[in-house]
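Notes for the structure review
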Amino acid sequence: MRDLKIPDQRHPEKAHRADNAQPKKPAWIRVKAPTSAGYKETRDIIKENRLVTVCEEAGCPNVGECWSQGHATMMIMGEICTRGCTFCNVATGKPQNLDAFEPGRVAHAVSKLGLNHVVVTSVDRDDLTDGGADHFAQTIRAIRHRSPNTTIEILTPDFLKCADSVLETVVAAKPDVFNHNLETVPGLYLEVRPGARYFHSLRLLQRVKELDPTIFTKSGIMVGLGENSAQVRQVMDDMRAADVDFLTIGQYLQPTPKHHRVDRFVTPEEFATYEKAAYNKGFLMVSATPLTRSSYHAGDDFQRLRAARLAKLGA
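A short tour of the structure in this document, coming up. (Residues numbered from 1 in each chain as written. Predicted model: local features only at pLDDT ≥ 70, side-chain atom pairs only at ≥ 80, totals over all residues. Heavy atoms only, no water.)

Thoughts on the overall build of the chain
The secondary structure content of the chain amounts to 12 helices and 10 strands. Expressed as a percentage of its 315 residues, the buried residues of the chain come to 53%. Working note: accessible area of the chain is about 14400 Å², and carbon and sulfur atoms make up 52% of it. (Helix = DSSP H or I, 4+ residues; strand = E, 2+ residues; numbered from the N terminus. Buried < 20%, exposed > 50% of the residue type's maximum accessible area, 1.4 Å probe, protein only. Areas by Shrake-Rupley, 256 points an atom, 1.4 Å probe, with all protein chains shown as cover.)

Details of the environment of His145
Position of His145 relative to the elements: it lies in helix H6 (residues 133-146). A residue is classified by how much of its surface remains accessible, and His145, at 71% relative accessible area, is exposed. As a C-alpha pair, His145 and Gly104 span 41 residues in sequence and 9.7 Å in three-dimensional space.

Some details on the pairing of strand E10 (residues 285-288)
Of the two faces of E10, both are covered, the one formed by Met285 and Ser287 as well as the one formed by Val286 and Ala288. Looking at chain direction, strand E9 (residues 246-251) and E10 are connected through four bridges and run parallel. The partner of Ile249 across the bridge, within E10, is Ala288. This β-α-β element, E9 to helix H11 (residues 268-280) to E10, shows right-handed connectivity. (Pairing = 2+ DSSP bridges. Right-handed = clockwise from strand over helix to strand, strands pointing away.)

What about unusual backbone geometry?
Here the phi dihedral of Phe159 falls at roughly 50 degrees; this positive angle occurs in a residue that is not glycine. Looking at where Phe159 falls in the secondary structure, it is placed in the loop between strand E6 (151-155) and helix H7 (165-172). Unusually for a residue other than glycine, Glu183 sits at a positive phi of about 75 degrees. Examined against the element boundaries, Glu183 turns out to sit in the loop between strand E7 (177-179) and helix H8 (189-192). Glu183 sits in the buried class, given a relative accessible area of 16%.

Scope: geometric values only; no functional claims are made or implied.
Here it is, written out as structure tokens:
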């Protein structure tokens with residue numbers, strides 16, 4: 001049995017890589033260790049339902065804040081990913097079979113946590129014919145049945161090796177927000193996201209809007225990987241051409257010395273500049289701060305996103 005707490009077993013594809021120095025984090029990146037009663041209650045509910053969260057698996061810096069408020073991002077289809085992105089702390093390897101009861105357990109946890117808005121993501125499952133699309137759809141339906149007033153945001157893989165029709169399966173389940181992250185600028189894909197294709201991911205987001213224009217689309221990138229400002233602004237233009245509603249930009253943080261190096265820490269002032277530029281390009285909602293992550297403050301942001309659409313429509 002693999003012990004996923006051991007780095008070489010968690011990331012066998014990175015074990016041979018030379019160590020990258022991990023620079024000291026600036027003051028604006030540091031967060032407090034999670035200690036609150038709310039954090040512990042959320043952790044217990046997750047454990048009781050035998051669920052996996054991306055908060056833990058990806059080493060999110062906001063886990064203390066989010067879990068103290070009962071907000072956790074569910075990660076379905078196991079804890080082992082078939083991809084080996086150089087930025088990601090999720091374990092890589094051959095996943096186990098899908099758990100048919102997982103959608104029900106996720107729905108139970110959402111109900112018990114009393115979530116008004118839930119984010120559901122997954123590992124990449126290139127071993128499955130549909131990439132896990134039907135499992136996403138089942139999870140959405142189970143949450144709707146158990147918590148009909150909860151809004152649902154999904155953060156999906158790219159379904160790169162699947163038939164085009166699998167996206168229709170997910171969209172037909174009617175999530176409120178469909179998120180798929182581009183992660184970085186196209187020039188860094190071979191280094192950062194070697195198993196993915198930039199324009200395929202962009203087209204995926206565009207197709208969601210074509211299939212159901214009422215679904216909000218969302219995507220995000222990390223900065224500090226080696227990109228420049230002009231490249232970031234080009235990604236913004238590409239997203240708007242694909243009719244993406246919501247953009248997130250956050251600072252890349254290096255999980256271990258074997259992961260992609262941090263090129264630099266982007267200042268809060270630069271993030272504010274990116275936010276202003278993105279709004280000027282027509283995004284309905286933008287979150288651009290050092291600690292921004294895909295699901296950070298997702299519930300509050302969804303309310304603002306919905307209000308921005310209504311304002312745009314003149315309602």
